[in-house]
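Fold and contact review
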Amino acid sequence: MKSVKPYLLASAALAAASPHPALLPQEILQPSLSTPAQDYVLVPNALDDIINDSQFLSFHRDLVQISSISGHEQEVGSFVAEFLQARNFTVVKQPVPAKEGGDQDRFNIYAYPSSVETPEVLLTSHIDTVPPFIPYSVERVESETAKSVNPNNDPSTIRISGRGSVDAKASVAAQVFAALDILERQPDASLGLLFVVDEEVGGAGMKVFSDSSLNPAPSSFKAVIFGEPTNLDLVSGHKGMLGFELVAKGHAAHSGYPWLGRSAISAILPALSRVDQLGDIPAEEGGLPSSSKYGRTTVNIGRVEGGVAANVVPSSARANVAVRLAAGTPDEARDIVHRAVRDATDSNGDVHADFDARSEGYPPQDLDTDVAGFRISTVNYGTDVPNLKIHERADGRSVRRYLYGPGSIHVAHGDNEGLTIADLEEALQGYRKLIEAAMGR
Ligand SMILES: [Zn+2]
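The following refers to the structure shown.

The rules behind the values
- Residues numbered from 1 in each chain as written.
- Predicted model: local features only at pLDDT ≥ 70, side-chain atom pairs only at ≥ 80, totals over all residues.
- Heavy atoms only, no water.
- Helix = DSSP H or I, 4+ residues; strand = E, 2+ residues; numbered from the N terminus.
- Buried < 20%, exposed > 50% of the residue type's maximum accessible area, 1.4 Å probe, protein only.
- Lys, Arg positive; Asp, Glu negative; His and termini not counted.
- Salt bridge = Lys/Arg side-chain N within 4 Å of Asp/Glu carboxyl O.
- Contact = heavy atoms within 4.5 Å.
- Phe/Tyr/Trp six-rings, centres within 6.5 Å; stacked < 30°, edge-to-face > 60°.
- Lys NZ or Arg CZ within 6 Å of the ring centre and 35° of its normal.
- Donors = N, O, S within 2.8 Å, 3.2 Å for Na, K, Ca; no water.

1. Looking at the side chain of Glu199
Its location among the elements puts Glu199 in the loop between β8 (191-196) and α6 (204-210). Buried and unpaired, Glu199 has Arg324 as its nearest opposite-charge partner, separated by 9.1 Å. Those residues in contact with Glu199, other than ones at most four positions away along the chain, are His126, Asp128, Glu228, Gly382, Thr383 and Asp384.

Okay, here's the thing in structure tokens:
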């Protein structure tokens with residue numbers, strides 16, 4: 001990637017001039033012009049220069065520096081829209097309803113080269129992040145993969161951190177620059193860019209796009225390339241999802257006379273215990289199904305509440321449950337959960353699973369991997385993939401869906417979110433490869 005090369009030359013020259021190869025983070029020693037050659041002064045901003053010298057890395061930095069926690073995406077949206085407009089893209093700002101307490105004017109960005117009417121290859125990712133905002137920073141790190149004689153010149157030794165630096169502003173930046181790279185050589189390349197809001201909290205942005213005329217039926221797309229942190233693997237699919245509440249009702253009484261009441265917590269316990277094990281119980285014994293591709297279905301009881309005080313028989317209890325489906329449909333899973341609750345409570349009617357409170361539910365999402373040169377894997381997290389309804393094409397050919405991007409999901413929502421320059425550079429190449437394969441179809 002050409003925009004990163006200058007720093008390699010510059011820092012190689014610095015390293016050659018320095019007899020002290022062991023450098024501290026953020027410090028590069030450089031001969032001072034005004035003093036004898038063996039004297040050195042500190043250049044604290046050498047890492048900043050590396051970012052500044054690359055349009056790609058600067059764009060990624062600018063994205064990360066703008067806080068864009070879900071609901072508050074207006075500023076980063078305007079920044080991306082202006083950036084693309086200045087590079088000869090037609091930019092559509094697609095309004096998305098505000099969240100309570102959020103920006104009034106937030107929008108998806110849909111952009112395509114002004115020479116193109118309906119893009120055939122769509123690159124998409126999201127511009128919102130999880131909280132809290134964490135400032136952008138760059139540091140020198142140890143690298144096992146550093147190959148050069150002087151590892152300080154290797155992009156795998158420079159780590160960029162900050163909220164969204166991985167999820168998913170690394171994908172956004174790499175998709176934009178992969179598209180620019182291809183358009184430089186092929187100005188009429190039929191590419192589109194879609195950057196949505198709200199992915200981390202409910203997918204309102206992608207749902208608005210999906211239901212709009214920008215997602216026409218029959219589909220004009222040959223392929224949709226989703227950008228999320230996949231550690232540069234091409235993902236062959238991710239698990240499905242089903243959320244629900246387990247709800248129990250009882251009757252309050254003095255705890256000294258529990259027979260005068262009915263404990264909602266006593267009622268919910270056996271149901272909770274059974275639901276908790278549904279991923280481990282074989283399907284033929286009433287458990288949730290597994291698959292060779294995704295492994296076991298997993299259940300997380302993430303929140304439980306009930307009762308008011310230790311000396312009161314509790315009249316209500318509830319639990320929030322998230323199921324990651326390895327096989328089957330949400331409807332099949334709902335039946336399995338209903339049956340498990342009935343069995344565990346002897347059908348006493350005090351406990352039931354409520355699927356209306358949380359509407360999300362989709363089956364495992366199988367994705368395409370028919371482009372050579374990638375590691376292939378599956379992931380366990382959810383994405384916007386199921387929120388984009390892909391219509392059939394008029395010619396009957398299937399629309400390919402790919403999921404790929406830089407950085408690890410293991411740091412994505414953590415306070416250590418970050419990735420190396422090498423990851424970003426490789427993602428740029430990866431997206432180019434996917435775009436070219438899709439355009440060549
Ligand atoms: Zn994400």
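Past the structure itself, the notes keep going.
2. Regarding the packing of aromatic side chains
Across all of its chains, the model carries 12 aromatic pairs by this definition. For the ring pair Phe79 and Phe83, a centre distance of 6.4 Å and an interplane angle of 40 degrees mean the geometry is tilted. One end of the pair, Phe79, and the other, Phe83, are both in helix α4 (residues 74-85), 4 residues apart, so they sit about a helical turn from each other. Residue Phe83 is classed as buried on the basis of its relative accessible area of 12%. For the ring pair Phe83 and Phe177, a centre distance of 6.0 Å and an interplane angle of 50 degrees mean the geometry is tilted. Highlighted residues: Phe83 in helix α4 and Phe177 in helix α5 (residues 169-185), separated in sequence by 94 residues. For the pair Phe83 and Phe177, one class covers both residues: buried. The ring centre of Phe83 lies 3.6 Å from the NZ or CZ of Arg87, which sits over that ring.

3. Some remarks on the coordination of the zinc ion
Surrounding the zinc ion are the protein donor atoms His126 (NE2), Asp167 (OD) and Glu228 (OE), which sit 1.9 to 2.2 Å from the metal. Sequence spacing of the donor residues for the zinc ion, all on one chain, is H-x40-D-x60-E. You can see His126 sitting in strand β5 (residues 121-126) and its partner Asp167 sitting in the loop between β7 (158-161) and α5, a full 41 residues away along the chain. Asp167 carries the same exposure label as His126, and that label is buried.

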